[in-house]
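# Summary of the model geometry
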Amino acid sequence: MYRRPLQSAVRNYMNVSASRANYRKVLSQEASFARALAACHLARVPSPCLTPCRSLHMNTQLYSVKETPQHTEEEVGAFTKLIEAMGFTGPLKYNKWKIKIAALRMYTCCVERINYDEFFEKCSLPDTLNSWFLVAQLHVWMCLVRMRQEGRAGKYMCRYIVHSMWEDVEQRSKILGIDAIHRKEATKAMTETFYAAIFGYDEGILSDDCVLAAALWRNLFNRDCEDPKQLELMVEYVRKQMQYIDALDGEDLLLTGEVKWRPLVEENAQSILKVVTPTYNDTGL
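As the structure is a computational prediction, the values presented were derived from the model and not from experiment.

Procedures and definitions
- Residues numbered from 1 in each chain as written.
- Predicted model: local features only at pLDDT ≥ 70, side-chain atom pairs only at ≥ 80, totals over all residues.
- Heavy atoms only, no water.
- Helix = DSSP H or I, 4+ residues; strand = E, 2+ residues; numbered from the N terminus.
- Buried < 20%, exposed > 50% of the residue type's maximum accessible area, 1.4 Å probe, protein only.
- Contact = heavy atoms within 4.5 Å.
- Areas by Shrake-Rupley, 256 points an atom, 1.4 Å probe, with all protein chains shown as cover.
- Polar contact = N/O pair within 3.5 Å; in protein donor to acceptor, adjacent residues only side chain to side chain.
- Expected span 1.5 Å × (residues − 1).
- pLDDT = per-residue confidence, 0-100.
- Salt bridge = Lys/Arg side-chain N within 4 Å of Asp/Glu carboxyl O.
- Phe/Tyr/Trp six-rings, centres within 6.5 Å; stacked < 30°, edge-to-face > 60°.
- Lys NZ or Arg CZ within 6 Å of the ring centre and 35° of its normal.

### Focus: the overall build of the protein
Counting its secondary structure elements, the protein contains ten helices and zero strands. Reading the secondary structure of the protein in the N-to-C direction produces α-α-α-α-α-α-α-α-α-α. Put simply, the protein has 285 residues, and 34% of those count as buried. Long-range pairs, those at least 24 residues apart, make up 68% of the contacts in the protein between residues at least 6 apart in sequence. A total of about 19800 Å² of accessible surface is found on the protein, and carbon and sulfur atoms cover 56% of it.

### Here we look at the side chain of Ser173
Mapping Ser173 onto the fold places it in helix α6 (residues 151-175). Overall, the relative accessible area of 4% leaves Ser173 in the buried class. A distance of 2.7 Å separates a polar atom in the side chain of Ser173 from the backbone oxygen of Glu170. Not counting chain neighbours up to four residues away, the residues in contact with Ser173 comprise Leu129, Ile178 and Arg183.

### Considerations on α6
With 25 residues, α6 extends 37 Å from end C-alpha to end C-alpha; this agrees with the ideal 36 Å at 1.5 Å per step. Remark: Gly177 follows α6 within two positions and exhibits a positive phi of approximately 85 degrees.

### Notes on the confidence of the model for the protein
Per-residue confidence for the protein averages 76 on the pLDDT scale, and 61% of its residues sit at or above 70. Averaged over each element, pLDDT in the protein is lowest for helix α1 (residues 3-43) (52) and highest for helix α5 (residues 129-147) (95).

### Let's talk about the pattern of salt bridges
Applying the stated criterion across every chain yields a total of eight salt bridges. Ionic pairing is found between Arg113 and Glu258, a salt bridge with its closest N-O pair at 2.8 Å. Here Glu258 lies in the segment after α10 (250-256) and Arg113 lies in the loop between α3 (96-112) and α4 (116-122), a separation of 145 residues in the sequence. Look at the salt bridges and you will find they share partners, linking Lys240, Arg262 and Glu266 into a network.

### Here's the deal with the packing of aromatic side chains
Following the criterion strictly, the structure yields eight aromatic pairs and no others. Both rings, one in Trp141 and one in Tyr201, keep their centres 5.1 Å apart while their planes meet at 45 degrees; by these two values the pair is tilted. Of this pair, Trp141 sits in helix α5 while Tyr201 sits in helix α7 (residues 180-206), and the two are 60 residues apart along the sequence. In this structure Tyr201 comes out as buried when scored by relative accessible area, which is 1%. For the ring pair Trp166 and Phe194, a centre distance of 5.8 Å and an interplane angle of 80 degrees mean the geometry is edge-to-face. Separated by 28 residues along the polypeptide, Trp166 in helix α6 and Phe194 in helix α7 bring together distant segments of the chain. The structure contains a cluster of three or more aromatic residues connected by ring pairs, namely Phe133, Trp166, Phe194 and Tyr195. Sitting over the ring of Trp97, Lys100 keeps its end group 4.4 Å from the ring centre.

### Let's talk about unusual backbone geometry
In this model, Ser124 sits at a positive phi of 55 degrees, which is unusual for a non-glycine residue. Among the secondary structure elements, Ser124 is positioned in the loop between α4 and α5. Of note, the phi angle at Asn222 is positive, near 55 degrees, even though the residue is not glycine. Mapped onto the secondary structure, Asn222 falls in the loop between α8 (209-219) and α9 (228-246).

### Points about α9
Over its 19 residues, α9 runs 27 Å from end to end, which matches the ideal 27 Å to within 8%, given 1.5 Å per residue. When we look at burial in α9, the residues that qualify are Gln230, Leu231, Leu233, Met234, Val235, Tyr237, Val238, Lys240, Gln241, Met242, Tyr244 and Ile245. Those residues of α9 that are buried lie in contact with α4, α5, α7 and α8. The residue sitting at the N-terminus of α9 and contributing the capping side-chain oxygen is Asp227; that oxygen lies 3.1 Å from the backbone nitrogen of Lys229.

Shown next, in the form of structure tokens:
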């Protein structure tokens, strides 16, 4: 009567014992496999029973990464923040009149130190007021990019560079005999062109040469350029000029506004050298 329960209990005990033995056997095989794999990595010799493994390279030497110094925003007080939020300009690092004079000088460098006839010839541009403006705004944009790196004083200077440009455009259009109505319409069109070019050039200088070439094709060539060599020439020109301007000292630019442009076509291509520091008196003039 008790034989069947006893046989069932014995059978269950034997099954559990066999399961545990199989489990221990599997664990033992996995441990052996892991030890063999570790020995293969340490000895770096191929094992006939294992697939080849990539060797792990370890190095305890630490390398220092040279970071590009980032411009930090200058700290301003609560009163300065308040008056600037109202549209006024707070105290700056340098005298505002000095910055205005430097801005006028910098714009003058964009006008008088550029060989516009060479640009018209190399880029096949017509000799018109609009073509002059397209070349001038390209150099004004490069100055704005550089001066925006100089904090609040640089941004204040940018406003007067643009102001000087529009004053010059107004005077040139009057000299050419354009009447008031057409002058107003032309100025409006130039304003739209200028701010559209600013966005396009900013995107191009932060991207690759293809994006910069597209911006130059739209804004400088006015979508009328079939010679890729002309685009290549202008892309190279903008890149080298931006590299050159970035090497100029910011304080010297804020006090003097002196910019010497590199030629459109380099006779002897060479790396950018350190430019000569401009001289100015104690009043920054």
